[in-house]
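Now for the letters of each chain:
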Amino acid sequence: MNMNSELTENRELLLKKGKTQQKAEELLEKREVALQSGGEKAIQKQLEKGKLTARQRIELLLDPGSFVETNMFVRHKNSNFGLDKKKFYTDGVITGFGQVNGKLVYVYSQDFTILGGSLGEAHAKKITQLMDQAVQNGAPIIGFNDSGGARIQEGASSLAGYGDIFIRNVRASGIVPQISCIVGPSAGGAVYSPALTDFIVMTEDTSYMFVTGPVVVKAVTGEETSFEELGGASTHSTNSGISHLVGSDEIESIELIKVLLSYLPSNNLEDPPLKDTSTINGYEFKMLNDIIPDDPQEPYDMREVILRIVDKGNFLELQKKWAQNIIIGFGRLNGHPIGIVANQPSILAGALDINASIKAARFIRFCDSFNIPIITFVDVPGFLPGLDQEHNGIIKHGAKLIFAYAEATVPKLTVITRKAYGGAYIVMGSKHLANDINFAWPTAEIAVMGSEGAVQIIYRRDLAAAEDKEEMLLNLKNDFAKEFNNPYLAAERGYIDDVILPSETRQKLIASLWPLLRKRERRLNKKHGNIPL
Ligand code: HXC
């Protein structure tokens, strides 16, 4: 090679490097623009509201360095109403995948600083692509919802975008867990995507969900209301039960999502994640022997029972402030995740009503979809009587609970601590609904009803004719209680597998659960059942 040709080659190399450099710089500039979201002012406004940015949320959720962003350079193609002058990379939603404690998750995070996080065609397509990949690869979908709803300028395309998301929510249901984290507005038909997912986490003061906002409510019904009263976190955790968990701020909401994920398998073909069992203990479980009061009418807190039976007293309670007469949530037994359903005798005496039935039924169906065993604790005097309950359909709502227990094929274990009366006895994880293992404490009372009601009915005539009604009633009640207020009649029939001391419960449940983890139950093939809705 002569000197001249060497120089030419070097020059070409230099030129090439220069071009590559330029291209790289162009890319970095574009990235920089994308990372600036809707601009400094909009970000400032977002932060002033006490909210995090869309990217900060993802950063807090995922393991450091694990986020892989997809479709960063997507922009809408619409020019209606000046939209051509408002084109932003990401189109108002950050999408991608990463890891939470080493487990793959797909995540989208709506960016309110870009066109109010509103959803148009391109924005929706980014979310639907992500959902398809999550289902294909069997990993949970987590969405941060912070959006003004359908992008008004894009008209029907925005509505179509929601439809495309809804159908994927439904198809993904029971295949991968879906979690919605509401961190701003979620209004109009947009609320239905979160509503179709398995869990909704809200944040105090900064998140709200409603189908129609305060202005429309005022115009149609004349009611004066605020965003918070209509659809804030406290409304949806107490009045409607829409929200499963509430964080006092976004950081806490994101922590709650991580705890929730720790109990869940990635998809319906996996078992839930086992924790190292070497140091796992129950907590003060011996005191359970004294937890049931002598007086059967006296309440106690069923939460105290649960906390003493699950590993290390760790219990993630869901919908804590709604339908408090029933408790649901996740715990572990010897490291294995379990779903807990329990009557709460300290609220409405633990009676089942409409909301309690709906709350427990949906939870049971989630556990069954994702291979999580169900442990039921029973202290139930029956279904709640009253005009309100009957008129609002306790019949069909109570039936949901029967349906959910009966159709569930995961391991099902039940402990009757005290009352198990009437239809509610059957409903609450009885052997008659194909439960696997049922225990009763010596304080269990398995009967058609309590002694007071029972003798009033079967001895009505004798009582009416009696000289000393009071004394007769007392004697009859005592006789009835002696005969029926115990677990042994049911044990004789094989309706419960064993009567156990309360302090033995944790060990008995652990010993009974592990063989059931091999359970295989086949049912006749069908499209799907027709749960009473
Ligand atoms: C287009 C929107 C938008 C929307 C907000 N923006 N919502 N752009 N379509 N739906 C824009 C605003 O024009 C503004 O743009 C920026 O986002 C920030 O909004 P602000 O109003 O300044 O913010 P704030 O004061 O915090 O109020 C937030 C808000 C309000 C309460 C959400 O923006 C609002 O009421 N938006 C409309 C909500 C709505 O009715 N959506 C349709 C719901 S019906 P600039 O450029 O000024 O910064 C629906 C149907 C779904 O979603 C059907 C599914 C089947």
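Here, the structure is the one placed above.
Residues numbered from 1 in each chain as written. Predicted model: local features only at pLDDT ≥ 70, side-chain atom pairs only at ≥ 80, totals over all residues. Heavy atoms only, no water.

The subject of this paragraph is the overall build of the chain. Across its full length, the chain carries 20 helices and 17 strands. Seen along its three principal axes, the alpha-carbon backbone of the chain occupies a region of about 125 × 65 × 45 Å. Across the 533 residues that make up the chain, the buried fraction comes to 49%. Considering only contacts within the chain whose residues lie at least 6 apart along the sequence, 72% involve residues at least 24 apart. With the model as given, the accessible surface of the chain reaches about 26,300 Å², and the carbon-plus-sulfur share is 54%. (Helix = DSSP H or I, 4+ residues; strand = E, 2+ residues; numbered from the N terminus. Buried < 20%, exposed > 50% of the residue type's maximum accessible area, 1.4 Å probe, protein only. Contact = heavy atoms within 4.5 Å. Areas by Shrake-Rupley, 256 points an atom, 1.4 Å probe, with all protein chains shown as cover.)

It is worth spelling out the site of the ligand at this point. Lining the immediate environment of the ligand, one finds 21 residues, of which Lys49, Gly116, Gly148, Ala150 and Ile152 sit closest. Backbone polar atom of glycine 116 to an oxygen atom of the ligand: 3.0 Å apart, as the coordinates give it. In isolation the ligand exposes 1,000 Å². Once the protein is present, 56% of that is buried. Of all the secondary structure elements, the ones that give two or more residues to the shell around the ligand are helix H5 (156-172) and strand S6 (185-187). Among the elements that make up the shell around the ligand, the one with the highest residue count is H5 (three residues). Class assignment of the residues belonging to the shell around the ligand gives a composition of 11 nonpolar, six polar and four charged. (Near = heavy atom within 4 Å. Polar contact = N/O pair within 3.5 Å; in protein donor to acceptor, adjacent residues only side chain to side chain. Nonpolar A, V, L, I, M, F, W, Y, C, P; charged D, E, K, R; others polar.)

Let us look at the layout of surface pockets. Reported here for the second largest pocket is a volume of approximately 390 Å³. In this structure, the second largest pocket is lined by 19 residues; those nearest its centre are His244, Leu245, Val246, Lys320 and Lys321. Of all the secondary-structure elements, those providing two or more residues to the lining of the second largest pocket are helix H9 (233-238), strand S9 (245-247), helix H11 (302-309) and strand S10 (316-318). With three residues, H9 is the single largest residue contributor to the lining of the second largest pocket. In the lining of the second largest pocket, the residues fall into seven nonpolar, five polar and seven charged. (1 Å grid on protein atoms, 1.4 Å probe; cavity = no way out; pocket = protein on both sides within 12 Å on 5 of 7 lines; lining within 4 Å. Points joined across faces, edges and corners; volume = space filled by probe spheres on them.)

In terms of nonpolar packing, the biggest core is built from 59 residues, with Phe330 and Val341 touching the most fellow members. Of the residues forming this core, the biggest block, seven residues, is contributed by helix H12 (residues 354-369). Setting aside residues up to four positions removed in sequence, valine 341 forms contacts with Ile326, Ile327, Ile328, Ala360, Phe363, Ile364, Ile374, Ile375, Thr376, Phe377, Tyr405 and Met428. Val305, Ile306, Ala342 and Leu513 belong to the second-largest nonpolar core, a separate cluster that totals 26 residues. (Core = buried A, V, L, I, M, F, W, Y, C linked by side-chain atoms within 4.5 Å.)

On to a negative patch on the surface. Judged by side-chain charge, Glu204, Asp205, Asp249 and Glu252 come together as a negatively charged surface patch. Position of glutamate 204 relative to the elements: it lies in the loop between strand S7 (199-203) and strand S8 (208-210). Taking relative accessible area as the criterion, glutamate 204 reaches 39% and is therefore assigned partly exposed. (Patch = residues over 30% accessible without salt bridge, like charges linked within 9 Å, V, L, I, M, F, W, Y side chains within 5 Å. Salt bridge = Lys/Arg side-chain N within 4 Å of Asp/Glu carboxyl O. Lys, Arg positive; Asp, Glu negative; His and termini not counted. Charge placed at Lys NZ, Arg CZ, Asp CG, Glu CD.)

Now for the sheet that holds strand S4 (residues 141-145). Read from one edge to the other, the open sheet built from seven strands follows the order S1-S2-S3-S4-S5-S7-S9, with strand pairing classed as mixed. At either margin of the open sheet sits one strand with a lone partner, and together these are strand S1 (68-70) and S9. Along the sheet, successive strands turn relative to each other by an average axial angle of 20 degrees, direction set aside. (Pairing = 2+ DSSP bridges. Axes fitted to C-alpha atoms, helices over the stretch in contact; angles between N-to-C directions.)

This part is about the packing of aromatic side chains. Applying the stated criterion to the full structure yields 13 aromatic pairs. With a centroid separation of 4.6 Å and an interplanar angle of 35 degrees, the aromatic rings of tyrosine 208 and phenylalanine 227 are classed as tilted. Of this pair, tyrosine 208 sits in strand S8 while phenylalanine 227 sits in helix H8 (residues 227-231), placing them 19 residues apart in sequence. Under the relative-accessibility criterion, tyrosine 208 is labelled buried at 18%. Seen in terms of ring centroids, phenylalanine 330 and phenylalanine 366 are 6.2 Å apart; in terms of plane orientation they differ by 70 degrees. Their pairing is edge-to-face. On the criterion of sequence distance, the pair formed by phenylalanine 330 in strand S11 (residues 326-333) and phenylalanine 366 in helix H12 is long-range, its members being 36 residues apart. One aromatic cluster in this structure is built from Phe199, Tyr263, Phe330, Phe363, Phe366 and Phe370. Here the basic side chain of lysine 51 rests over the ring of phenylalanine 112, its NZ or CZ set 4.6 Å away from the ring centre. (Phe/Tyr/Trp six-rings, centres within 6.5 Å; stacked < 30°, edge-to-face > 60°. Lys NZ or Arg CZ within 6 Å of the ring centre and 35° of its normal.)

Moving on, we get to a nonpolar patch on the surface. Together, Leu27, Leu28 and Phe73 make up an exposed nonpolar region whose accessible area comes to about 250 Å². Within the secondary structure layout, phenylalanine 73 lies in the loop between S1 and strand S2 (93-100).

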